[in-house]
Amino acid sequence: MQRSRLRKLRRADQNRGVTRSGLWKHAPIAAAILAAIPRVHAQTADSSGLAEVVVTAEKRTENLQDVPLSITAINTEKLEQLGVTNFNDYVKYLPSVAAQSAAPGFARVFMRGVASGDNGNHSGPLPSVGTYLDEMPITTIQGALDIHVYDIERVEALAGPQGTLYGASSEAGTVRIITNKPDASAFKAGYDLQGDTVRERGGYIAEGFVNFPLGPNAAVRLVGWAEHDGGYIDNVPGTLTYPSSGVCIANTNPPPPGCNSTPALAKNRYNPVDIYGGRAALKVDLNDNWTITPALMAQQTNADGIFAEEPSVGARKVTHFYPEYTDDQWWMAALTVEGKVANLDVTYAGGYLHREDRTASDYTDYSFFYDKNLGYGTYFVDPPGSSNAPFDPSQYILGRDGYRKLSHELRVATSKDNPLRFIGGLFYERQEHYILQNYLVNQLGVDESVSGWPHTIWLTDQVRVDRDYAVFGELTYDLTPKLSGTVGYRFFRYDNSIDGFFGFGPNNVYGSSTGENAATHAPDGTPGAPGSACTHPGILGGPCVNLSNDVKKDGSTPKFNLTYKFDDAHMIYATVSRGFRPGGINRRTQAPPLPSLATYSPDYLKNYEIGWKTSWLDNHLRFNGAFFWEDWQDFQFSFLGQNSFTIVRNAGAARIKGVEGDLNWLPMAGLSLTAGATLIDPKLRQDFCINTDQNGVPLPLSGAGVTCPVLNAAPKGTQLPVTPKFKGNVTARYTFGIGGNMDAHVQGAFVYQSMSTSQLAPAWAALIGNQPAYAIFDATAGVAKGNYTLELFVNNLFDRNAQLYRYAQCTVYSGSTPVCGANPYATITQPRTIGLRFGQRF
């Protein structure tokens, strides 16, 4: 009846010449169509509606629509449909999340525009977004683990401060990866195989899982994967000539006349990646009340080259001269114990993470621009001014990081069905980062090197330890059958330290006092004897210890929420919350015009949010979203000072206003539409200057007297860098039957984000360049029969060379002149990838 009525309406529209722009001239017809839509929808769409999305964002198992929190959740089915296998894949579909990723496993995550564009140094601020695998935090000091995504129950992105339940490093939000757990009810298994090609290089993925019941009360789940990506960046032939010495280096063999070949030679597709890993979990129901779930997971990633292009060289091209690679391996063990004591649910979650990585980096940009602008190469001539054989001042870096992370959480919760509900507990975390950065110049003499480290011009050899202690709790009370209120609080204490060595050798070519020549200072500022501040013996192989400091502080983060449910399908909420990031230590004080800053303070993000969770059309349409206003006060900013040395200080204040939302719709049988978007306006609330006077007050941007250098200045109203003002995605999937016993599907996924700036200071942003807006479209088509699936996919269908992250090897100035930074790099999206997937379930 309704379809017949619509056909008549369409014919009437055609006879009247109705167009989309002229529809409002025919109000009766439009009203009839709008009135008919819900009835047609009920006839054509899946009568069951949208599936319930279960989340544990508030550390309880709840329906997404009942949680007064802005959450984006991607479940198992959606992860498989989108072909998500790694961090970069799922971040595309999290509108509130932005990232800077220089290589697999080294991504810095940001949410809701909370980013200052700092340099991300290993001795800089902790992350502002926490990342969890199940119950365990996996955020290391330089970013979260890049876990291969397979057999994952869901990915949750919790936007806004999560300072009550998640604490430190969840200042702007939290990303959670939830694994599928062992299931004693049935045997399950499956495997998936993928072959693909990128820029004429082949790749593959092989994945599999098995869930094996050990009896009625126990099961084990095993998961494994192997992946190879063929690479898409070319290291093209080129030369580099140092102005001071005339030395020419080339990445070809044989080199051009007058040049010397370097260790790394030109090579196409020189950034292949190999990833191997596995996961094992055991779940045992000890009795009706208690369950234990131990788990073990490990992964190794071997990557060559870099994942950025040099725009000055060409699209998807660089010209580098020294080896570049990343070898990253980690394992983690976790234990979850769940039970009941009286009427309380008790949960213990503990884990240990062990991560080791080794890296090599070309640093010739730094060498060249320091030579060009400051005569860096002339320091290596002995004696000064002599005309000895030309010296090659090229630098490269060999790095090693060792991470150890231990966490414990014990919490209790009352039933979520009680009118008065409580969840709270105790938390402890200790994360250690062993940092080795060895800056090498092959022609540097042993006597000019760091003691015991031949050819090392600069050495960073230190241990950083960050400890967190917390007591937390949230209390919720149903004021009326429709209105509830929540009060949360977290009391925290952090205790952070850095010990070790950094700097030059005793006979370094610069005559610098940083390093083995470090001197103590009298109370009046008078320096002591060279080397008096470098005590023996050293630790971890360093020549001595010239750094030993710690900082401790207490604090709290509150949360207040009111939630009103009109009915089971419509809810609104209002939240005021605060997140924090611990303070830390500056390894070195800075000479004027910057004051001595041995430590930096925590920064805080205050959040005001009004959100909604709604379902419509008999649960065939779900629309959730939130408006938010966030104030980021005294945010931590790390920058390069003297000798390209990182300094951190609390530098400014910002305000972020925004709206975010997601839509899920089943308009007709077989067709599903999903969309998500975030629109923000992140701006400085006051003038910003890195430099301060002797009293620690930032220098003014203009006026009489000493003013802020333009390279370090950002006026009030400047857009915060890194994160785009708009990021959104739309996915359409249509499933239909063919041949009577097969299901087929076609899918298109579109992702767009607007331009973002690369640096906070406009002058630096102009030098490095902005990240342009981009749009990526992925397409998929496949069939399923019984337990088998076959799928053809094309990612980045139109082969867009989208820039994700712009940076330079160093961003240092001398006076008002940039020393380096004139040769920026851009991390880019993977080019068009065409592949075939095959899977089977048992």
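Keep in mind it's a predicted model, so treat the numbers as computed, not measured.

Q: What is the right way to read the overall build of the protein from this model?
A: Summing up its helical and strand segments, the protein has 6 helices and 47 strands in all. Taken against the 2.2 N^0.38 rule, which gives 28 Å for 842 residues, the C-alpha radius of gyration of the protein at 29 Å falls within 12% of a compact globule. Taken over the C-alpha atoms alone, the protein extends approximately 100 × 65 × 65 Å along its principal axes. When each of the 842 residues of the protein is scored for burial, the buried share is 56%. Sequence separation of at least 24 residues holds for 69% of the intrachain contacts in the protein that already meet a minimum separation of 6. When the accessible surface of the protein is split by element, carbon and sulfur atoms take 57% of a total near 34,400 Å².

Q: Explanation requested: the state of the cysteines in the structure shown.
A: A covalent bond between the sulfur atoms of two cysteines is referred to as a disulfide. Tallied over the full model, the rule gives 3 disulfides. For Cys689, the disulfide goes to Cys708, at an S-S distance of 2.0 Å. Here Cys689 and Cys708 share a disulfide; its torsion about the S-S bond, 95°, makes the bridge right-handed. One end of the pair, Cys689, is in strand E37 (residues 688–689); the other, Cys708, is in the loop between E37 and strand E38 (713–714), and 19 residues separate them in sequence. The same class applies to Cys689 and to Cys708, which are both buried.

Q: What am I meant to see in the pairing of strand E25 (residues 396–413) here?
A: The side chains of a regular strand alternate between the sheet's two faces. Here strand E24 (residues 344–362) runs beside E25; their pairing, made up of 18 bridges, is antiparallel. Bridge assignment links Arg355 to a residue of E25, and that residue is Tyr403. Bridge count for E25 against strand E26 (residues 420–440) is 18 bridges, and the pairing is antiparallel. The partner of Ala413 across the bridge, within E26, is Ile423.

Q: It is not clear to me how unusual backbone geometry should be interpreted in this structure. Could you clarify?
A: Both trends apply: most residues other than glycine have a negative phi, and most peptide bonds are in trans. Cis peptide bonds are those with omega within 30 degrees of zero, and the linkage from Asn253 to Pro254 qualifies with 5°. Checked against the element boundaries, Pro254 lands in the loop between strand E17 (248–250) and strand E18 (260–261). Cis peptide bonds are those with omega within 30 degrees of zero, and the linkage from His536 to Pro537 qualifies with 0°. One can find Pro537 in the loop between strand E28 (483–503) and strand E29 (547–567).

Q: Just to check I follow, could you spell out a nonpolar patch on the surface for this structure?
A: Together, Leu426, Val471, Val487, Tyr489, Phe491, Phe560, Val576, Tyr608 and Trp629 make up a nonpolar patch on the protein surface, roughly 790 Å² of accessible area in all. If you trace the backbone, Val487 turns up in strand E28. Exposure remark for Val487: the relative accessible area of 46% places this residue in the partly exposed category.

Q: Quick question: what am I supposed to make of the packing of aromatic side chains here?
A: Two aromatic rings, taken as a pair, are described by how far apart their centres are and by the angle between their planes. Enumeration according to the criterion identifies 33 aromatic pairs in this entry. Pairing Tyr322 with Tyr396 gives two aromatic rings, centres 4.9 Å apart and planes at 10°, and the pair type is stacked. Here Tyr396 lies in strand E25 and Tyr322 lies in the loop between strand E22 (317–318) and strand E23 (325–341), a separation of 74 residues in the sequence. Owing to a relative accessible area of 15%, Tyr396 belongs among the buried residues under this scheme. Ring plane angle 55° and centroid distance 5.6 Å describe the contact between Trp331 and Tyr352, whose orientation is recorded as tilted. Separated by 21 residues along the polypeptide, Trp331 in strand E23 and Tyr352 in strand E24 bring together distant segments of the chain. A relative accessible area of 29% places Tyr352 in the partly exposed class. Over the ring of Phe628 we find Arg112, and its NZ or CZ is 4.0 Å from the ring centre. For the cation-ring pair, Arg578 lies above Tyr604, with the distance from its terminal atom to the ring centre recorded as 4.2 Å.

Q: How should I be thinking about the pattern of salt bridges in this particular structure?
A: Pairs can form between side chains of opposite charge whenever their charged atoms are close. Counted under the stated rule, the structure contains 38 salt bridges. Its salt-bridge partner being Lys59, residue Glu409 comes within 2.8 Å of it at the nearest N-O pair. In this pair, Glu409 sits in strand E25 while Lys59 sits in the loop between strand E1 (54–55) and strand E2 (62–63), placing the two residues 350 residues apart along the sequence. Under the relative-accessibility criterion, Lys59 is labelled buried at 11%. As a salt-bridge pair, Asp681 and Lys683 come within 3.8 Å of each other at their nearest N and O atoms. Overall, the relative accessible area of 33% leaves Lys683 in the partly exposed class. Salt bridges sharing common partners tie together Lys59, Glu135, Glu409 and Arg411.

Q: Can you walk me through the sheet that holds strand E3 (residues 71–75) in this structure?
A: Paired through their backbone hydrogen bonds, the strands of a sheet run either parallel or antiparallel. What the 5 strands build is an open sheet, ordered E3-E10-E11-E6-E7; its pairing is mixed. Each edge of the open sheet carries a strand with a single partner, namely E3 and strand E7 (136–137).

Q: What am I meant to see in the environment of Pro255 here?
A: On the secondary structure map, Pro255 appears in the loop between E17 and E18. When its relative accessible area of 27% is taken as the criterion, Pro255 is described as partly exposed. Residues Pro255 and Thr239, spaced 16 residues apart in sequence, show a C-alpha to C-alpha distance of 8.7 Å. Residues within four places of Pro255 in sequence aside, it is in contact with Ala250, Asn260 and Ser261.

Q: Got a minute to help me understand the sheet that holds strand E46 (residues 825–828) in this structure?
A: Strand order in the open sheet formed by 3 strands is E21-E46-E43, and the pairing between neighbours is antiparallel. A strand with exactly one partner marks an edge of an open sheet, and here the two such strands are strand E21 (308–309) and strand E43 (803–807). Bridge count for E43 against E46 is 4 bridges, and the pairing is antiparallel. Each bridged residue has a counterpart across the sheet, and for Tyr807 the counterpart in E46 is Tyr825.

Q: Help me understand helix H5 (residues 364–374), please; the structure alone is not making it clear to me.
A: Residue pairs spaced three or four apart in an α-helix point in one direction, given the helix's 3.6 residues per turn. Burial analysis of H5 places 8 of its 11 residues in the buried class, which makes it a mostly covered element. When H5 is considered as a whole, its buried residues turn out to be Thr364, Asp365, Tyr366, Ser367, Phe368, Phe369, Tyr370 and Asp371. Taken from the residues just after H5, Gly375 is the one with a positive phi, measuring 65°.

Q: How should I be thinking about the pairing of strand E11 (residues 173–179) in this particular structure?
A: Among the 7 residues that make up E11, 7 are buried, leaving the element largely enclosed by the rest of the structure. The two faces of E11 match: Gly173, Val175, Ile177 and Thr179 on one face and Thr174, Arg176 and Ile178 on the other face are all buried. Pairing analysis gives 5 bridges linking strand E6 (residues 129–133) to E11, with the strands arranged parallel. Paired with Gly130 across the strands is Thr174, a residue of E11. Bridge count between strand E10 (residues 152–159) and E11: 7 bridges; the pairing is antiparallel. Looking across to E11, one finds that Arg154 is bridged to Ile178.

Q: In this structure, what is going on with the side chain of His745? I would like to understand it.
A: Within the secondary structure layout, His745 lies in strand E40 (residues 742–753). Residue His745 is classed as buried on the basis of its relative accessible area, which comes to 11%. Here the side chain of His745 touches Glu791 through a polar contact of 2.7 Å, side chain to side chain. Setting aside residues up to four positions removed in sequence, His745 forms contacts with Arg733, Tyr734, Thr735, Phe736, Thr780, Ala781, Gly782, Val783 and Glu791.

Q: Please clarify how the nonpolar core should be interpreted in this entry.
A: Counting residues in hydrophobic clusters, the biggest one holds 73 residues, and the most contacted among them are Tyr90 and Phe688. Looking at this core, the element that brings in the most residues is strand E34 (residues 621–640), giving 5 residues. Apart from the residues within four sequence positions on either side, Tyr90 is in contact with Ile74, Val84, Val149, Val155, Val175 and Ile177. Core analysis: the next-biggest nonpolar cluster, separate from the first, contains 54 residues, Ala57, Ile397, Tyr439 and Cys820 among them.

Q: Is there a simple way to think about the environment of Asp327 in this case?
A: For Asp327, the position within the fold is in strand E23. Separated by 54 residues in sequence, Asp327 and Val273 have C-alpha atoms that sit 9.9 Å apart. Once you skip the residues sitting within four places of it in the chain, Asp327 turns out to touch Thr301, Asn302, Glu356, Asp357 and Arg358.

Analysis parameters
Residues numbered from 1 in each chain as written. Predicted model: local features only at pLDDT ≥ 70, side-chain atom pairs only at ≥ 80, totals over all residues. Heavy atoms only, no water. Helix = DSSP H or I, 4+ residues; strand = E, 2+ residues; numbered from the N terminus. Rg over C-alpha atoms; globule rule 2.2 N^0.38 Å. Buried < 20%, exposed > 50% of the residue type's maximum accessible area, 1.4 Å probe, protein only. Contact = heavy atoms within 4.5 Å. Areas by Shrake-Rupley, 256 points an atom, 1.4 Å probe, with all protein chains shown as cover. Disulfide = S-S within 2.5 Å. Pairing = 2+ DSSP bridges. Patch = residues over 30% accessible without salt bridge, like charges linked within 9 Å, V, L, I, M, F, W, Y side chains within 5 Å. Salt bridge = Lys/Arg side-chain N within 4 Å of Asp/Glu carboxyl O. Phe/Tyr/Trp six-rings, centres within 6.5 Å; stacked < 30°, edge-to-face > 60°. Lys NZ or Arg CZ within 6 Å of the ring centre and 35° of its normal. Polar contact = N/O pair within 3.5 Å; in protein donor to acceptor, adjacent residues only side chain to side chain. Core = buried A, V, L, I, M, F, W, Y, C linked by side-chain atoms within 4.5 Å.

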